[in-house]
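A closer look at the structure
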Amino acid sequence: MTGFISNTAKLELLTKASRGVKVCMRPSAKFLQLLTGRPLQVAAVVVTLTTIVIIAVKMGNLLCGCRRSEDTSEEVDPVSRLYTEGAEAWMRYLDEGHKPSDLAETLEKSNEALDAARDDHPQRNDILLMLSFAMLEQNLDQASLETIEKHFSELEGWKDLGKAEARAIAARLASGYHESYNQAPSDSDFERCLSSYTRVRKYSDKLEDRTEANLKIAALHQQRGQFEAAMGVIDNAKSTCPPDRPNLLSAISMAKFTLYQDMYKSTGSSEELKKAIAEGEDTLQIQSDILPARRAALLTGVAQFICALSEAQPPEVDFEGRMRDAIRYARESVELNAGERGIEASIVLANALSSRRIEPTTEELDEAIGLYRKAKEGLGGDQELLASLAGAIEGEVVSAGTTFQSAVKLYEEALAMSTDNRWNSSIANNIAWIYVEKANRTKNEADYEKARDNYLKAANYLEEVGSNLGDANDVGYFRDQAEAVTGTIATLKQGSVALGRKLTSKRLSTAEGRLR
């Protein structure tokens, strides 16, 4: 039997059931997709109707259903009767448009049958299976998840439980517990979610499904900050994946990217960035036939990590070669990408093109500004994007003497949107840097005053969050710069020729080193 059991076949079904014949009811692929969240091959959900006694009525008509005639020669097992009534409602639900009334009847009859069935009743597992699947059709609260999990634990010892059914139930439990954990993290939901994903892996025949389950488990550990456990699961997935499965290998590499990124954010160690870059570049070189979308994501990720790593290098380190690699990766990603992901790749490319680690040409700055402006049209007032655009424009200020004010305006917009005082300190310093560059050319007192005001802002922002020696040194630098500007203003007011001396200043990164 290959489809839903039709109304005309139900008489035959029940007649066969009366002889102890097992009957296989197959749900549609759409139904299993509802349970698992992804398309699957149609798999049989086996409901065993064992020894249900169908009593013929006086007219000899065997109707579709477990009806008993008033002339009954043998009592029907109440568990079998309730189960059959529930099975009929379940078939109607699957076969006739998923009517809520049919689902409600399935749940009612199944629960009544389960209450009546002893632990050794021959139909208990059939009842548990049907009840579990029916419950999965509802919006699941915590109590429902725990009830289904209890039923599932009992079913796992049943030799007739199919892997497809077990995997479908486990996948929905994992999804439900993960959603609950995301809303309000708890140890119990974490353990239940981890157990459910482990069951999904256990009941998966396909390597793709086992790999997906492993990556879900890794992501769960990662979400909880258990980086070592997450890495262990990812490495195990990679070690069991054959080399001729590039798409699976690239998915594993992407999981490592996100893990290294979180480890970097947690520790600030550039070693995590180096490991991520090595992982990504190895994948890009070895796997030439991975899916274009995944290759684009890998390219963007590697380029972004290189840009972030550049900010951790001392000024005397020549990093231009690696930044040129980042530009090449990001440019290829832009060519492969479209939509929102294309915008992200464009921003990474613009960051690399405008990085001070390559001494960008006017043409490169022009391209970066164009990419930033295009991204701004798609994303609106993103504070990091505004700061990046300002940085590219300020680069043109130095190299080509173009307008200062457009860069200042963008920085000020970003500053107004941000609540990160450490970042705000860098922005205020860069505004000061622009005004110093401008004032050194114009000898305008107002420009010097704006430079001083912004150096003081930079110091004040950092003092609110500063907690290490590096922060203290930066605060000292900002205040020293403000004092130097004050001295220049005094000299300017005296009308001294000596004020031709240029103030020195330094620009701080606000974009290319920040992982988005």
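Our subject in this report is the structure included herewith.

**So, helix α20 (residues 445–465)**
In this model, α20 (21 residues) spans 31 Å end to end at C-alpha, consistent with the 30 Å of a helix rising 1.5 Å per residue. Considered for burial, the residues of α20 that qualify are Asp 447, Tyr 448, Ala 451, Asn 454, Tyr 455, Ala 458, Ala 459 and Leu 462. Seen from one end, α20 has its buried residues packed into an arc of 140°, which puts them on one side. Sitting at the amino-terminal end of α20 is Asn 444, which places a side-chain oxygen 2.8 Å from the backbone nitrogen of Ala 446.

**Comments concerning the environment of Val 233**
Checked against the element boundaries, Val 233 lands in helix α10 (residues 227–239). By relative accessible area, Val 233 is classed as buried at 15%.

**A closer look at the pattern of salt bridges**
Enumeration over the complete set of coordinates arrives at 30 salt bridges. One salt bridge connects Glu 85 with Lys 109, and the closest N-O pair in it is separated by 3.3 Å. Remark: Lys 109 occurs in helix α4 (residues 100–116) and Glu 85 occurs in helix α3 (residues 78–95); sequence separation between them is 24 residues. For the pair shown, Glu 85 and Lys 109 are each scored as buried.

**Some points on the nonpolar core**
Ranked by internal contacts, the top residues of the largest apolar core, which has 95 residues, are Trp 90, Phe 152, Ile 169 and Ile 306. Considering each element in turn, this core owes the most residues, 10 residues, to helix α11 (residues 246–267). Once residues within four sequence positions are removed from consideration, Phe 152 is found in contact with Leu 161, Ala 166, Ile 169, Ala 170, Leu 173, Arg 199 and Tyr 203. Core analysis: the second largest hydrophobic core is formed by 29 residues, Tyr 411, Ile 434, Tyr 448 and Phe 478 among them.

Parameters and conventions
Residues numbered from 1 in each chain as written. Predicted model: local features only at pLDDT ≥ 70, side-chain atom pairs only at ≥ 80, totals over all residues. Heavy atoms only, no water. Helix = DSSP H or I, 4+ residues; strand = E, 2+ residues; numbered from the N terminus. Expected span 1.5 Å × (residues − 1). Buried < 20%, exposed > 50% of the residue type's maximum accessible area, 1.4 Å probe, protein only. Arc of directions from axis to C-beta. Polar contact = N/O pair within 3.5 Å; in protein donor to acceptor, adjacent residues only side chain to side chain. Salt bridge = Lys/Arg side-chain N within 4 Å of Asp/Glu carboxyl O. Core = buried A, V, L, I, M, F, W, Y, C linked by side-chain atoms within 4.5 Å. Contact = heavy atoms within 4.5 Å.

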